[in-house]
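Working through the structure, step by step
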Amino acid sequence: MVRKMIYGLLILIFGSIGFLAGLYSISNNLVTIPDTLPQLKFGVIALGALLGVLVGVISTPWIIKGGLALTVVVDQHLAKTPTQDLIMGSLGLIFGLIIANLLGSILSTMGPIGKAIWLAGTCLLGYLGLSVAVKKREEIVALFSSLPRFGKEKFGKAESKVSQIKILDTSVIIDGRISELCQSGFIEGVLLVPVFVVDELRHIADSADLLKRNRGRRGLDILNAMKKTSDIKVQIYENTKGLDDIAEVDAKLVKLGQKLGAKIITNDYNLNKVAELQGVKVLNINELANAIKPVVLPGEEMTVTVVKDGKEMGQGVAYLDDGTMIVVDGGKRFIGQTISVLVTSVLQTAAGRMIFAKPKSLDKRSEAAGHVISGVNAIG
């Protein structure tokens, strides 16, 4: 229905243009009408209108098709463009057109040449205003934020919203703990998943290696589950403008974090260090897991189950509920048993925390042996 209305409107416009062209030709004597046949001027006008309608019938389908194609391209471009760029670009365009309009009042007095300069200047200033506002977005925001009134009241809210944006790494999606962490309410704001991270997950899911394929499918399943959860705001970020020339995904994540002023959530140790060097804040889930583990001090007593032998002779290995490894000195003989141990030392490494302990029964035996020896020495 709308397409038919546009079709009819365009034909009417072309017909009106033909009608006006015929009328202009008669009024300015461009077409000679004999004095004996004054009614021919109506024929010329009607002929102009008919030619306009014919041109409209021929060209209107192409105009509509081209307009629809242009609309689709513009819509796709706007969908990929960040909201901040749209706002700043619009403001820059408005300021450029205002300046061009002010200059137009002067240039219009110079005749056709001045009007031509005005038209060219309007296009140039509009483009420059849009381009400069987008490229200098951060500097413009910083300039206004330095003012007490604007900085505290208006731009404070915008900065707080930007700081809530977090970018998810591939490893943290495959890990799966991010879903439960978000549902617990400890992670707030919008979680951005760049399209190149989704592509990497899809590439891993299509791998010939069974383990990699399962990890990739697990990551895609977790991502889909998070998107369907109303409590978690997950968005697929498709604006990779300026990042296509970067080959590595980690480098793209760091560059995107710098561009958006967002934090990166990961459990990749190398990405953590590289992002910190680039000035991008990182939320490492492994560091969070280590931080919330219960604190154990030397001399404390614990009850553990020895499950296997250790690397050194006579050692046994046990695990806490959170996965912390406990190396029990002399615990090999207690494999498969639940015993009480005394903590001797705690070692914190980049991979996690390791606790060293010894069986409490051995400690009591040594104390008893020490008393006997002391007693014998005292008697002797």
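Another point: the sheet that holds strand 2 (residues 190-194). Reading across the sheet, the five strands line up as 3-2-1-4-5 and stay open at both edges, with parallel pairing between neighbours. Among the strands making up the open sheet, the edge pair consists of strand 3 (233-237) and strand 5 (282-284). Neighbour to neighbour, the strand axes of the sheet diverge by 30 degrees on average, direction disregarded. Pairing of strand 1 (residues 166-168) with strand 4 (residues 263-266) involves three bridges; the strand directions are parallel. Bridge assignment links Leu168 to a residue of strand 4, and that residue is Ile265. Across the sheet, helix 10 (residues 210-228) is in contact with strand 1, strand 2 and strand 3; its angle to strand 3 comes to roughly 120 degrees. Against the sheet, helix 11 (residues 249-260) engages strand 1, strand 2, strand 3 and strand 4, with an angle of about 165 degrees to strand 1.

This part is about the packing of helix 9 (residues 195-205) against helix 10. As a packed pair, helix 9 and helix 10 sit with axes 6 Å apart at the nearest point and diverge in direction by 140 degrees. By the angle between their axes, helix 9 is oblique relative to helix 10. With respect to the hand of their crossing, helix 9 and helix 10 are arranged in left-handed fashion. Residues Val198, Leu201, Arg202, Ile204 and Ala205 of helix 9 lie in contact with helix 10, whose contacting residues are Lys212, Arg213, Gly216, Arg217, Gly219, Leu220 and Leu223. Class assignment for the residues of the contact of helix 9 with helix 10 results in six nonpolar, two polar and four charged.

What follows is about the pattern of salt bridges. In this structure the tally under the stated criterion is three salt bridges. Across the pair Arg202 and Asp199 runs a salt bridge, and its minimum N-O distance is 2.4 Å. One end of the pair, Arg202, and the other, Asp199, are both in helix 9, three residues apart, so they sit about a helical turn from each other.

Moving on to helix 4 (residues 112-135). Taking 1.5 Å per residue, 24 residues should reach 34 Å; helix 4 reaches 35 Å between its end C-alpha atoms and fits that length. Among the residues making up helix 4, those that are buried are Gly114, Gly126, Gly129, Ser131 and Ala133.

Moving on: the side chain of Thr170. Looking at the element boundaries, Thr170 is found in helix 7 (residues 170-175). Engagement of the side chain of Thr170 in a polar contact is seen with the side chain of Glu200, the distance being 2.5 Å.

So, on to the nonpolar core. Core analysis: the biggest nonpolar cluster contains 37 residues, and Leu168, Leu191 and Met226 have the highest contact counts within it. Among residues more than four places away in sequence, those in contact with Leu191 are Lys166, Leu168, Cys182, Met226, Ile232, Lys233, Val234, Gln235 and Ile265. Counting residues in each nonpolar core, the second largest holds 14 residues, with Leu320, Phe334, Ile339 and Ile355 among its members.

The rules behind these values
- Along every chain, residues carry numbers that run from 1 in the direction the sequence is written.
- In view of the model being predicted, local features appear only for residues whose pLDDT reaches at least 70, and side-chain atom pairs are presented and counted only at 80 or more, with totals across whole chains, interfaces and linings using the full set of residues.
- In computing side-chain values, all of the structure's heavy atoms are included and hydrogens and water are not.
- At least two bridges found by DSSP between two strands are what make those strands a pair.
- Comment: elements are numbered from the N terminus, with helices defined as DSSP H or I runs of at least four residues and strands as E runs of at least two.
- Only C-alpha atoms enter the line fits that serve as axes; for helices the fit covers just the stretch in contact. Angles between N-to-C directions range over 0 to 180 degrees.
- Any pair of residues with heavy atoms lying within 4.5 Å of one another is described as a contacting pair.
- Just so you know how the angles are binned, under 35 degrees is roughly parallel, over 145 roughly antiparallel, 65 to 115 roughly perpendicular, and the rest oblique.
- Two helices cross in a left-handed way if the nearer one is turned anticlockwise from the farther one by less than a right angle. They cross in a right-handed way if the turn is clockwise.
- Three classes are used: nonpolar for Ala, Val, Leu, Ile, Met, Phe, Trp, Tyr, Cys and Pro, charged for Asp, Glu, Lys and Arg, and polar for all others, with Gly counted as polar.
- Any Lys or Arg side-chain nitrogen found within 4 Å of a carboxyl oxygen on Asp or Glu counts as a salt bridge.
- What a helix is expected to span follows from its residue count: subtract one and scale by 1.5 Å.
- Only protein chains enter the calculation, and the probe is 1.4 Å; a residue is then buried if its accessible area is under 20% of its type maximum, exposed if over 50%, and partly exposed in between.
- For this analysis, a polar contact is any N or O atom pair within 3.5 Å, provided that within protein one partner can donate a hydrogen and the other can accept it, and provided that sequence-adjacent residues contribute only side-chain to side-chain pairs.
- As used here, the term nonpolar core means buried Ala, Val, Leu, Ile, Met, Phe, Trp, Tyr and Cys residues forming a set that is joined through side-chain atoms within 4.5 Å.

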